[in-house]
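Take a look at the letters that make up each chain.
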Amino acid sequence: MKINSPLQAYKYLPQTNCGECGEPTCMAFASKLIDRSGKTADCPPLVKEKKFAKKLAELEGLLAPEIREVIIGVGEKAAKIGGDDVLYRHKLTFFNKTKMFFDVADNMEEAALVERVKQIADFRKFYVGNYLLLDGVAVRAASGDPAKFAAAVKKVAETTDLPLILCSFDPAVLKAGLEVVKDKNPLLYAANKDNWKEVGELALEYKVPVVVSALNDLDALKTLAKTLAEAGIQDIVLDPGTVPVGKGLKDTFTNFLKIRRAGIDGDVEIAYPILALPFTAWMAGIEDPVSASYWETVMASMFTIRYGDIMILHSMEPYAVLPEMHLVDTIYTDPRTPVAVDGAMYQVGSPTVDSPVFFTTNFALTYYTVESDIASNGIDCWLLAVDTDGIGVEAAVAGGQLTSDKVKDAFDKAGFDLKKDVNHNTLIVPGLSARLQGDIEDSLGANVMVGPMDSGRIPGWMEKNWPPK
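Okay, so let's go over this structure. As the structure is a prediction and not an experimental result, all values here were calculated from the model. (Residues numbered from 1 in each chain as written. Predicted model: local features only at pLDDT ≥ 70, side-chain atom pairs only at ≥ 80, totals over all residues. Heavy atoms only, no water.)

## Some points on the environment of Asp85
Item 1. Inspection of the secondary structure puts Asp85 in the loop between β2 (79-82) and β3 (99-105).
Item 2. Sequence separation of Asp85 and Phe95 is 10 residues, and the distance between their C-alpha atoms is 8.5 Å.
Item 3. Contacts of Asp85, omitting those with residues within four sequence positions, involve Met1, Arg36, Ala64, Pro65, Glu66, Leu92 and Ile264.
Item 4. Reaching out from Asp85, the side chain makes a polar contact with the backbone nitrogen of Glu66 at a distance of 2.9 Å. (Helix = DSSP H or I, 4+ residues; strand = E, 2+ residues; numbered from the N terminus. Contact = heavy atoms within 4.5 Å. Polar contact = N/O pair within 3.5 Å; in protein donor to acceptor, adjacent residues only side chain to side chain.)

Structural data, given as C-alpha cells:
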C-alpha cells in the first residue's frame with residue numbers, strides 16, 4: 001500500500017458524505033480503506049459514476065498491498081495469503097496469517113487417507129475466545145500415476161471442503177487432479193525450469209494459482225515468476241526451496257529475507273507470497289520420529305517469523321501442531337488493537353439468584369482466564385466483562401479505564417440489577433481493583449467484597465467468604 005493515512009485516501013473519494021457506504025463521512029470511509037476493513041467497492045458513487053473512474057483506478061493502485069494477495073480454495077474456508085506491506089510488525093501489522101497445509105499421499109490406503117484428512121479438518125484449539133484451525137490439505141503424487149492421483153484428490157475433496165494443494169512436477173498428474181477439483185481453485189505445486197510451460201498452461205486453462213519453484217536459485221525463481229506473469233498468470237506463489245539442515249537451511253532463511261525485502265521495496269517481479277516446506281525435516285536423516293517432529297516445528301517457527309505465507313507440514317502430533325498454531329496466532333495478532341470480548345454480563349454454568357456476581361475487564365486473555373478458573377471448578381456465577389478498551393484490570397485501574405462509573409455503566413448496559421436479579425445485592429471485585437471498593441459501593445448501592453488478586457484463588461476464597469454473612 002503506497003498511502004498510509006486516511007487524508008491521502010480521502011483525496012480520491014467523492015467527498016460528498018452521502019453515507020451510501022454506511023459511514024457518516026467520506027473521511028470515516030477513508031479510515032476503513034487504510035485499515036483494510038473497507039473496500040473501494042463499498043462506495044457506490046466512486047464505482048458507478050464515470051467522472052470518478054480515473055480516481056478509482058488511481059486509488060486502487062495506491063491501496064494495493066506491496067506483496068500480492070493470493071486466494072486458494074473457495075467459499076468461507078478459502079485461504080488468503082500474502083498481502084503484506086511491511087517487513088516488521090511494529091511498523092504496521094501483518095495481514096493474512098501463515099496458512100498451514102498438511103500432507104497426504106496418493107499411495108495411502110483409502111481408510112488411512114480419509115482418517116488423516118478428517119484429523120486435519122477436525123483439529124481445533126480454543127484459544128483466547130477463538131478456535132485455532134488448520135487451513136488445508138496438500139495432496140502429494142507419491143505414485144506418479146495420474147489415475148491414482150485423481151482418485152486420491154477426489155476422495156480428499158469428498159471428505160473435506162478445506163482448500164487443496166496439488167503436488168507434482170508432472171503436468172499430466174496435475175491435470176488429472178485438476179479435472180477432479182477444477183471448481184475448487186486449488187494451488188498447483190509446482191512449475192520449475194523443466195515443466196514451466198506445461199504447468200503454466202494448466203494454470204491459465206483452469207484459472208488457478210500456481211507455485212514456481214527453483215531450489216536456492218533466486219535469479220531462476222524470479223525469471224520463472226516473470227515469465228508466467230507475462231503469460232497472464234497473476235496468482236503466483238514462490239518456492240525458493242526449504243533445506244532442513246546445515247548451510248542449506250541458512251541459505252533458505254536468507255533467501256526468504258531477500259525475496260520479501262525486494263518485494264516490499266518495490267520489485268514487483270518477485271512481490272508474491274512465499275511457500276515454506278517444513279515437512280522436509282523428515283528428509284534430514286533424523287531417525288527418531290519425535291525428534292523429526294520437533295525439528296519440523298522449529299523450521300515452521302522460523303518461517304512463520306520470516307516470511308512464510310503458506311507451509312506444507314507433516315506431523316499432526318499436538319506437541320508439534322499447537323506451538324505452530326500459537327506462534328502464527330501471536331505473530332499475526334494486530335498489535336494496535338487489544339484482543340477483547342464484548343462488554344456484557346455472562347453466565348458461567350447455571351447461575352441462580354443465589355449465585356455470586358463477579359466482574360473483570362473485557363481484555364480477552366483476562367476474561368477467559370477468569371472464566372476458565374471459575375468454570376473448571378464448577379462454580380455457577382454471573383461474570384460481568386467491563387469494557388476497558390481491552391485493557392487488563394491492574395493497568396485499567398491505573399490508567400482510568402476502570403472506574404466505579406464504568407462498572408455502573410456496564411451493569412446498566414447489561415440490564416442487570418443487583419437488587420432484583422440476585423437476592424444478596426453483592427458484587428465481588430478483583431483484588432487488583434480493591435481501591436475502587438468504596439466508590440463502587442456508592443455508585444451501585446450494593447455490598448462490595450474484594451476477591452483474590454489471582455482468579456486461580458477464587459475457589460479457596462469462595463469456601464471462606466461465600467455466601468456473604
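## A closer look at the layout of surface pockets
Item 1. Of the voids in this model, the largest pocket is the one considered here, and its volume is about 1000 Å³.
Item 2. In terms of lining residues, the largest pocket is bounded by 39 residues, among which Lys97, Asn130, Tyr131, Leu132 and Asp329 are the most central.
Item 3. Looking at the lining of the largest pocket, the elements that each hand over two or more residues are β2, β3, α5 (110-122), β4 (124-127), β5 (130-133) and α12 (318-331).
Item 4. Roughly 660 Å³ of volume is contained in the second largest pocket. (1 Å grid on protein atoms, 1.4 Å probe; cavity = no way out; pocket = protein on both sides within 12 Å on 5 of 7 lines; lining within 4 Å. Points joined across faces, edges and corners; volume = space filled by probe spheres on them.)

## Let's talk about the nonpolar core
Item 1. Membership of the largest hydrophobic core comes to 65 residues, with the highest contact counts inside it found for Leu134, Val137, Leu166, Leu188, Val212 and Leu238.
Item 2. No other element matches the 5 residues that helix α6 (residues 146-159) contributes to this core.
Item 3. If we ignore the near neighbours within four places in the chain, the residues touching Leu134 are Met100, Phe102, Ile120, Phe123, Leu162, Met316, Val321 and Met325.
Item 4. One finds Val397, Ala410, Phe416 and Leu418 within the second-largest nonpolar core, a separate group that totals 23 residues. (Core = buried A, V, L, I, M, F, W, Y, C linked by side-chain atoms within 4.5 Å. Buried < 20%, exposed > 50% of the residue type's maximum accessible area, 1.4 Å probe, protein only.)

## Digging into the sheet that holds strand β11 (residues 275-276)
Item 1. Pairing is parallel across the open sheet formed by 8 strands, whose spatial order is β10-β9-β8-β7-β6-β3-β12-β11. At either end of the open sheet lies a strand with only one pairing partner, and these are β10 (236-239) and β11.
Item 2. Sitting on the sheet, helix α11 (residues 289-305) touches β11 and β12 (310-313), and the angle it makes with β12 is about 175°. (Pairing = 2+ DSSP bridges. Axes fitted to C-alpha atoms, helices over the stretch in contact; angles between N-to-C directions.)

## Points about empty space enclosed by the protein
Item 1. Counted by the stated rule, this structure contains 2 cavities of 30 Å³ or more.
Item 2. In this model, the largest cavity occupies a volume close to 80 Å³.
Item 3. Considering the residues around the largest cavity, the lining is formed by Leu13, Pro14, Thr16, Asn17, Cys18, Gly19, Cys21, Glu23, Thr25, Cys26, Phe29 and Cys43.
Item 4. Here the residues of the lining of the largest cavity are counted per class, giving 7 nonpolar, 4 polar and 1 charged.
Item 5. As a volume, the second largest cavity reaches approximately 40 Å³.
Item 6. In terms of lining, the second largest cavity is formed by Asp84, Phe94, Arg260, Thr304, Ile305, Tyr307, Asp309 and Tyr332. (Nonpolar A, V, L, I, M, F, W, Y, C, P; charged D, E, K, R; others polar.)

## Considerations on the packing of aromatic side chains
Item 1. Taken as a whole and assessed by the stated rule, the structure comprises 11 aromatic pairs.
Item 2. Both rings, one in Phe253 and one in Phe303, keep their centres 6.5 Å apart while their planes meet at 50°; by these two values the pair is tilted. Of this pair, Phe253 sits in helix α10 (residues 246-264) while Phe303 sits in helix α11, and the two are 50 residues apart along the sequence.
Item 3. Of the residues examined, Phe303 reaches a relative accessible area of 0% and is grouped as buried.
Item 4. With 5.1 Å between their ring centres and 55° between their planes, Trp382 and Phe416 make a pair best called tilted. One end of the pair, Trp382, is in strand β15 (residues 381-386); the other, Phe416, is in the loop between α15 (404-414) and β16 (426-429), with 34 residues separating them in the sequence.
Item 5. Judged by its relative accessible area of 13%, Trp382 is buried.
Item 6. Aromatic ring contacts, followed pair by pair, group Phe126, Tyr131, Tyr346, Tyr367 and Tyr368 into a single cluster.
Item 7. Its end group placed over the ring of Phe95, Arg36 keeps NZ or CZ at 3.6 Å from the ring centre. (Phe/Tyr/Trp six-rings, centres within 6.5 Å; stacked < 30°, edge-to-face > 60°. Lys NZ or Arg CZ within 6 Å of the ring centre and 35° of its normal.)

## Brief notes about the pattern of salt bridges
Item 1. In the structure shown here, the tally under the stated rule is 20 salt bridges.
Item 2. We note a salt bridge from Lys77 to Asp161, for which the minimum N-O separation is 2.9 Å. In this pair, Lys77 sits in the loop between β1 (69-72) and β2 while Asp161 sits in the loop between α6 and β7 (164-167), placing the two residues 84 residues apart along the sequence.
Item 3. One salt bridge in this structure joins Lys182 and Glu179, with 3.7 Å as the shortest N-O distance. (Salt bridge = Lys/Arg side-chain N within 4 Å of Asp/Glu carboxyl O.)

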